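# Commentary on secondary and tertiary structure
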Amino acid sequence: MTTAQKIAEIEAEMMRTQKNKATSYHLGLLKAKLAKLKREMIDSSSKKGGGTQEGFEVSKSGDSRIGMIGFPSVGKSTLLTKLTGVFSKIAAYEFTTLTCIPGVLQHKGAKIQLLDLPGIIEGAKDGKGRGKQVIAVARTCNLILIVLDATRPMVHKKIIERELEGFGIRLNKQPPQIEFKKRDKGGITISRTHDAPRLDDETIKAILREYKINNCDINFKCDATDEDLIDIIEGNRKYIPCLYVMNKIDDITLEELNVLDKIPHYVPISAFLEWNLDELVERIWDYLDLIRIYTKPKGLEPDYNAPVILQRKFSTITDFCNKLHKNMIKDFRYALVWGASVKYNPQKVGKDHQLLDEDVVQIVKKI
């Protein structure tokens, strides 16, 4: 029996099994087996050379990377052209784009790489079409835009989410607060600093045994599920923010648009007519969570035309120095900062100081 057949067999059994407290142990075990088989399939395909193909090896550039994913002919190529000026082949039939086409979106001084990926098809995570290459590129992105055709069924949204989920991508989620550490001996120690009624000790131990883990410390700081535990054990999950770009709204009624308004993380647009593209760009900026830091050479005015772009979660003085030059931190003495992150303007700070958007920084080096 092939790996794909084993996966299909387990998925069929999970569909047949009712979800309740009595079956939680069995379902947890099935999910662990399924996760292992999917990892084996992905790893084996990569070793055979299926992980990269011509047109997909696009080097990462700019301050951030965005991947556009969707079914064929939903308007990704038109959107790339409108946002970046890069021409991507467009036609009124499916599968026009066959390779990964990059463009650069410039906004608030940031250079954001925007990738037009080939249309995804159902079964991508299992190697159908070029779907696996598409999803592999998506794992390297800081933001995913799932582009949907507003005139087509919303089942397409669920299919794409399932394909990305199967490849270890978690959309608009944070890593579960579970501390997990393997040991050489001592058995399995389970502790909880938060009630986790959805996961009992028996199920936890069964999942760990499926991974041949007999000695570890595990502490639950959230109400975790069996899937959360499996994600932590696998350790290769990507947690990526996502926007659902609903294209072709010029072809639907106002009543239909009001229904779409209930979808979380969504932006309605018409790429062809350039409707609401400014709102889309602003939402992209918000979801990337970038900040601008201005440099100030000694004795000169700050350079407001070329900000240094940092991710908010990596925005200390050390991160700022490393973005400018990898050796700058070696000569660092202190920094003078003007802006919202300090009480006084300027204020002398050290390398661990946390910067905020539109701060001005002057680095003072060792003599």
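What this report covers is the structure whose coordinates are included nearby. What you see is a predicted model; the values in this text were computed from it and never measured.

A few words on the overall build of the chain. Helix and strand content of the chain: 10 helices and 16 strands. Taking all 367 residues of the chain together, the buried fraction comes to 48%. With an accessible surface of roughly 19400 Å², the chain has 50% of that area assigned to carbon and sulfur atoms.

On to the pairing of strand 3 (residues 110-116). Summarising burial for strand 3: 6 of the 7 residues are buried, a large majority. Pairing geometry for strand 1 (residues 64-69) and strand 3, over 5 bridges, is parallel. Along strand 3, the bridge assignment pairs Ile66 with Leu114. Connecting strand 2 (residues 101-107) to the antiparallel partner strand 3 that follows it, the hairpin turn spans 2 residues, and Lys108 within it adopts a positive phi of roughly 55 degrees.

Moving on: the sheet that holds strand 13 (residues 303-311). Spatially, 13-12-16-14-15 is the arrangement adopted by the 5 strands of the open sheet, whose pairing is mixed. Because the sheet does not close on itself, it has two edges, and the strands there are strand 13 and strand 15 (347-349). The mean angle between the axes of side-by-side strands here comes to 40 degrees, regardless of whether they run parallel or antiparallel. Both strand 14 (residues 332-338) and strand 16 (residues 359-365) contribute to a ladder of 6 bridges, which runs antiparallel. Within strand 16, the position partnered with Leu336 by the bridge is Gln362. Against the sheet, helix 10 (residues 317-324) makes contact with strand 12 (290-295), strand 13, strand 14, strand 15 and strand 16, and its axis sits at roughly 115 degrees relative to strand 13, the strand it touches most.

Now for the layout of surface pockets. The method is simple in principle: a probe with the dimensions of a water molecule rolls over the atoms, and the space it marks as empty is what remains. In this structure, the second largest pocket encloses a volume near 500 Å³. In terms of lining residues, the second largest pocket is bounded by 17 residues, among which Asn142, Tyr239, Ile240, Pro241 and Lys313 are the most central. At 3 residues, strand 9 (residues 238-240) tops the list of elements feeding residues into the lining of the second largest pocket.

Turning our eyes to something else, we now look at the pairing of strand 1. Among the 6 residues that make up strand 1, 6 are buried, leaving the element largely enclosed by the rest of the structure. When strand 1 meets strand 4 (residues 143-149), the two strands line up parallel, connected through 4 bridges. Paired with Ile66 across the two strands is Leu143, which belongs to strand 4.

Now for unusual backbone geometry. Residue Pro346 follows Asn345 across a cis peptide bond; omega there is -5 degrees. Here Pro346 is to be found in the loop between strand 14 and strand 15. A positive phi angle is found at Ser73, which is not glycine, with a value near 60 degrees. Its place among the elements puts Ser73 in the loop between strand 1 and helix 3 (76-84). The backbone of Asn172 sits at a positive phi, close to 50 degrees, despite the residue not being glycine. Mapped onto the secondary structure, Asn172 falls in the loop between strand 5 (169-171) and strand 6 (178-182).

We now examine the side chain of Ser64. Take Ser64: it is sitting in strand 1. If we ignore the near neighbours within four places in the chain, the residues touching Ser64 are Lys111, Ile112, Gln113, Asn142, Leu288 and Leu290.

Counted according to the given criterion, the structure contains 1 aromatic pair. Here the aromatic rings of Tyr294 and Tyr304 are separated by 4.9 Å at their centres, their planes lie at 65 degrees, and the arrangement is edge-to-face. One end of the pair, Tyr294, is in strand 12; the other, Tyr304, is in strand 13, with 10 residues separating them in the sequence. Across from the ring centre of Tyr211, 5.8 Å away, lies the NZ or CZ of Lys36, which sits over that ring. Above the face of the Tyr244 ring, Lys157 is positioned so that its terminal group lies 4.6 Å from the ring centre.

A separate point is the nonpolar core. If you look at the biggest cluster of nonpolar residues, it comprises 57 residues, and the most contacted ones within it are Leu79, Ile144, Leu145, Ile146 and Ile284. Beyond its immediate stretch of four places on either side in the chain, Leu145 contacts Ile66, Gly67, Met68, Ile69, Leu114, Leu243, Val245 and Ile284. Counting 18 residues, the second-largest nonpolar core is a separate cluster that includes Ile178, Ile190, Ile207 and Tyr211.

This part takes up helix 5 (residues 155-166). Residues separated by three or four positions in an α-helix point in the same direction, a consequence of the helix having 3.6 residues per turn. Between its terminal C-alpha atoms helix 5 stretches 17 Å, which fits the 16 Å expected from 12 residues at 1.5 Å a residue. When helix 5 is considered as a whole, its buried residues turn out to be His156, Lys157, Ile159, Ile160, Glu161, Glu163, Leu164 and Gly166. Among the residues trailing helix 5, Gly168 stands out with phi positive, at a value near 80 degrees.

Quick look at the sheet that holds strand 6 now. Within the open sheet, the 3 strands sit side by side as 6-8-7. Their pairing is mixed. Every other strand in the sheet has two partners, leaving strand 6 and strand 7 (188-192) as the edge strands with one partner each. Pairwise comparison of adjacent strand axes, ignoring direction, gives a mean angle of 10 degrees for this sheet. Bridge analysis of strand 7 against strand 8 (residues 216-220) gives 5 bridges, and the strand direction is parallel. By the bridge assignment, Ile188 is partnered in strand 8 with Cys216. Against the sheet, helix 6 (residues 201-210) touches strand 6, strand 7 and strand 8, its axis set at about 135 degrees to strand 7. Here helix 7 (residues 226-234) sits on the sheet and contacts strand 6 and strand 8; the angle it forms with strand 6, its principal contact strand, is near 45 degrees.

Procedures and definitions
- Along each chain, the written sequence defines residue order, and numbers are assigned to residues from 1.
- The model is predicted, so local features are restricted to residues of pLDDT at least 70 and side-chain atom pairs to those at 80 or more, both for listing and for counting; the totals for chains, interfaces and linings are taken over all residues.
- Excluding hydrogens and water, the side-chain figures rest on all heavy atoms present in the structure.
- Helix and strand definitions here come from DSSP, where helices need a minimum of 4 consecutive H or I residues and strands a minimum of 2 consecutive E residues; each element is numbered from the N-terminal end.
- Using a 1.4 Å probe on the protein chains alone, a residue whose accessible area is under 20% of its type maximum counts as buried, one over 50% counts as exposed, and one in between counts as partly exposed.
- Surface accessibility follows the Shrake-Rupley procedure with a 1.4 Å probe radius. Residue values consider only the protein chains on display as shielding.
- The pairing criterion is simple: DSSP has to find at least two bridges between the two strands.
- Under this scheme, a helix contributes an axis fitted over its contacting stretch, all axes are lines through C-alpha atoms, and angles between N-to-C directions fall in the 0 to 180 degree range.
- Only heavy atoms enter the contact rule, under which two residues are in contact if any of them lie within 4.5 Å.
- Lining residues are those with an atom within 4 Å of a point, where the points come from a 1 Å grid over the protein atoms alone and group into cavities, where a 1.4 Å probe fits but cannot get out, or pockets, open sets with protein on both sides within 12 Å along at least five of seven lines.
- Grid points are joined across faces, edges and corners, and a volume is the space filled by probe spheres set on the points.
- The rule is short: rings of Phe, Tyr and Trp, with Trp giving its six-membered ring, pair when the centres are within 6.5 Å, and they are stacked under 30 degrees, edge-to-face over 60, tilted in between.
- Think of it as a cone above the ring: NZ of Lys or CZ of Arg counts as a charge over the ring if it is within 6 Å of the ring centre and within 35 degrees of the ring normal.
- Note on terminology: a nonpolar core comprises buried Ala, Val, Leu, Ile, Met, Phe, Trp, Tyr and Cys residues joined through side-chain atoms within 4.5 Å.
- How far a helix is expected to stretch is found by multiplying one less than its residue total by 1.5 Å.

Limitation: the analysis is restricted to geometry and does not speak to function.
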